[in-house]
Amino acid sequence: MPLSLQSPPCATLSASIQKGRWKTLAAGFSVTPLPAVNFSLRRSIPRILASASSSSSPSSSSLEAGENNELNAVSAFSEIVPDTVVFDDFERFPPTAATVSSALLLGICGLPDTIFRNAVDMALADSSCAGLETTESRLSCFFNKAIVNVGGDLVKLVPGRVSTEVDARLAYDTNGIIRKVHDLLRLYNEIDVPHERLLFKIPATWQGIEAARLLESEGIQTHITFVYSFAQAAAAAQAGASVIQIFVGRLRDWARNHSGDNEIESAIKSGEDPGLALVKRSYNYIHKYGYKSKLMAAAVRNKQDLFSLLGVDYVIAPLKVLQSLKDSPAIPEDEKYSFVRKLTPETATHYHFTNKELVKWNQLSLASSMGPASV
C-alpha cells in the first residue's frame with residue numbers, strides 16, 4: 001500500500017517556515033527565502049533553452065524552431081531562466097534550472113495536488129527523523145529530507161543544475177554552513193543524485209564566502225546569493241564560487257531611498273543604474289582576471305534591463321518580461337533593437353580597474369578569510 005500522509009504534518013512544517021524559523025540577516029540585508037521555481041510535469045512540452053550547466057555558451061540555447069521574436073534573439077547571448085512561482089507557468093516557459101528552498105516547501109504544503117507533495121510526505125514519514133529526541137532536531141531532519149526529496153524530483157525535470165538553499169540562520173557560521181552542505185549532499189547521495197547536477201545556495205556574508213571557498217576546494221559547487229556590493233562579488237569570485245547572483249532591481253529599489261553608499265552614488269553620478277553597473281563591473285572583473293565563476297543577474301524588472309545585460313551568463317527574468325519578449329517580433333537592428341552583446345570576455349580584458357581599487361578588494365578578501373574580527 002502506498003504511504004500517504006494528510007495535511008497536518010505538512011501544515012506543521014509550513015507553520016514553522018512562516019514563523020521565520022529559516023530567516024536571518026546577512027551583509028546588512030534581510031535574508032528571507034526567495035520565490036522558488038515551481039513546476040508541473042508536462043514532459044511533452046518543448047524546452048525553450050539549453051541546460052543551465054557549467055557550459056558558458058548561451059548561443060547553444062534553442063527556442064522553438066521558426067520563432068523570430070525578441071526572446072529568441074536575446075537567448076543567443078545569455079541563458080534566460082524563467083522566474084516563476086506558479087505551477088502552470090511550466091507550460092509557457094519550461095525552466096532549464098531550478099532552486100529548492102523553504103519558500104518552495106511552503107508552496108507545496110499549500111497545494112496538496114502538486115506532483116511534489118509525495119516528496120514532502122515521504123520525508124515527514126521518515127522514521128529516522130521521528131525517533132530523534134528534541135523537537136528542533138526532528139524538525140531539522142524532516143526539513144532536510146523534504147528539501148532534498150524535492151530537489152531530487154527537480155533534477156529529473158530540468159536539464160540543468162538544481163540549487164539547494166542552505167539554512168540562512170547559518171549565514172555567519174562558516175563551519176555550520178559546511179556541515180549543513182555535507183549533510184544535504186549525503187542525503188542526495190542516498191537518492192543517487194549526481195554531484196555535478198547540484199549547487200548549494202549560500203548568503204554572501206564573509207563567513208558564507210569562506211564556506212564557499214572551502215566547499216569548492218572539495219569539488220562541491222556553490223551558488224553565492226544576496227550580493228549587493230562589488231566587494232562581495234569580487235570576494236566570491238576569488239573564492240571560486242560556481243555561480244554569483246546579483247539582484248539588479250532590489251539594488252535599484254534600495255538606492256532610491258538611501259544615500260551615503262560610495263559605490264552606488266558613484267554609479268548614479270556617472271548616469272548608470274546601480275544594479276546594472278554592479279553586474280557589468282562584476283562580469284568584467286571575473287573575465288579580466290580569469291575567475292571561473294558564472295554571473296547570474298536576478299530581479300530584472302523590464303526588457304531594457306535585459307537588453308543592457310546581454311552577454312551575462314544567466315538572467316532570471318519574470319514571466320511578464322518573458323511574455324513581452326515572446327510577443328515582440330525581432331525586428332532588424334536598423335529598425336528597432338540591435339540585440340548587441342553588451343558583455344563579452346574580450347571587452348572585459350580592456351576594462352580598467354585602478355590599483356587603489358584592486359588593493360582595497362584584495363584587503364577585503366584577505367580580511368574575510370581571517371574572520372569577522374578582522375573586517
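Scope of this entry: the structure provided in the associated data block. On a predicted model such as this, the values are computed, not experimentally measured, just so you know.

1. Regarding helix α11 (residues 248-257)
One full turn of an α-helix is made of 3.6 residues, so residues set three or four places apart face in the same direction.
Argument step 1. Within α11, the full set of buried residues consists of Val248, Gly249, Leu251, Arg252 and Ala255. Looking straight down α11, one finds that the buried residues subtend no more than 160 degrees of arc, so they occupy a single side.
Argument step 2. On its buried side, α11 packs onto β8 (243-247), α12 (262-269), α13 (274-288), β9 (294-298) and α14 (303-308).

2. Quick look at the packing of aromatic side chains
Argument step 1. Enumeration over the complete set of coordinates arrives at 10 aromatic pairs.
Argument step 2. Taking 4.8 Å as the distance between ring centres and 55 degrees as the angle between the ring planes, the aromatic pair formed by Tyr351 and Phe353 counts as tilted.
Argument step 3. Look at Tyr351 and you get partly exposed, because its relative accessible area is 28%.
Argument step 4. Through pairs of rings, three or more aromatic residues link up here, namely Phe230, Tyr285, Tyr289, Tyr291, Tyr351 and Phe353.
Argument step 5. The cationic tip of Arg250 hangs over the ring face of Phe247; the distance from NZ or CZ to the ring centre is 4.3 Å.
Argument step 6. The ring centre of Phe230 lies 5.2 Å from the NZ or CZ of Arg281, which sits over that ring.

3. Considering the side chain of Lys145
Argument step 1. Its location among the elements puts Lys145 in helix α7 (residues 135-157).
Argument step 2. Taking relative accessible area as the criterion, Lys145 reaches 16% and is therefore assigned buried.
Argument step 3. In contact with Lys145, other than residues within four places in its own chain, are Ala123, Asp126, Ser128, Cys129, Leu187 and Glu190.

4. A closer look at helix α9 (residues 206-217)
Argument step 1. Given a rise of 1.5 Å per residue, 12 residues ought to cover 16 Å, and the 17 Å separating the end C-alpha atoms of α9 matches this to within 8%.
Argument step 2. The element α9 is extensively covered by neighbouring structure, given that 9 of its 12 residues are classed as buried.
Argument step 3. Taken together, the buried positions of α9 are Trp206, Gln207, Gly208, Ile209, Glu210, Ala211, Ala212, Leu215 and Glu216.
Argument step 4. Gly219, located one to two residues past α9, shows a positive phi value of around 90 degrees.

5. Regarding the packing of α11 against α13
Argument step 1. Contact geometry of α11 with α13 gives a least axis separation of 7 Å together with a crossing angle of 135 degrees. Classed by the angle they form, the pair α11 and α13 counts as oblique. Between α11 and α13, the residues in contact are Val248, Leu251, Arg252 and Ala255 and Pro274, Gly275, Leu276, Leu278 and Val279, respectively.
Argument step 2. A per-class count over the contact of α11 with α13 returns 7 nonpolar, 1 polar and 1 charged.

6. A closer look at the nonpolar core
Argument step 1. Core analysis: the largest hydrophobic core is formed by 101 residues, its most contacted members being Val74, Val150, Leu154, Phe200 and Leu306.
Argument step 2. Considering every element that reaches this core, the biggest residue donor is α7, with 10 residues.
Argument step 3. Not counting the four nearest positions on each side in its chain, Phe200 is found in contact with Ser163, Thr164, Val166, Val181, Leu184, Leu185, Tyr188, Ile220, Gln221, Thr222 and His223.

7. Digging into the sheet that holds β8
Argument step 1. The parallel open sheet is built from 8 strands, whose spatial order is β3-β10-β9-β8-β7-β6-β5-β4. The sheet terminates laterally at β3 (79-83) and β4 (98-100), the two strands that pair on one side only. Shown here is a sheet whose adjacent strand axes are inclined to one another by a mean of 25 degrees, direction ignored.
Argument step 2. Where β4 and strand β5 (residues 162-165) come together, 3 bridges link them in parallel fashion.

Scoring rules and cut-offs
Residues numbered from 1 in each chain as written. Predicted model: local features only at pLDDT ≥ 70, side-chain atom pairs only at ≥ 80, totals over all residues. Heavy atoms only, no water. Buried < 20%, exposed > 50% of the residue type's maximum accessible area, 1.4 Å probe, protein only. Helix = DSSP H or I, 4+ residues; strand = E, 2+ residues; numbered from the N terminus. Arc of directions from axis to C-beta. Contact = heavy atoms within 4.5 Å. Phe/Tyr/Trp six-rings, centres within 6.5 Å; stacked < 30°, edge-to-face > 60°. Lys NZ or Arg CZ within 6 Å of the ring centre and 35° of its normal. Expected span 1.5 Å × (residues − 1). Axes fitted to C-alpha atoms, helices over the stretch in contact; angles between N-to-C directions. Parallel < 35°, antiparallel > 145°, perpendicular 65-115°, else oblique. Nonpolar A, V, L, I, M, F, W, Y, C, P; charged D, E, K, R; others polar. Core = buried A, V, L, I, M, F, W, Y, C linked by side-chain atoms within 4.5 Å. Pairing = 2+ DSSP bridges.

Coordinates in, geometry out; function isn't part of it.
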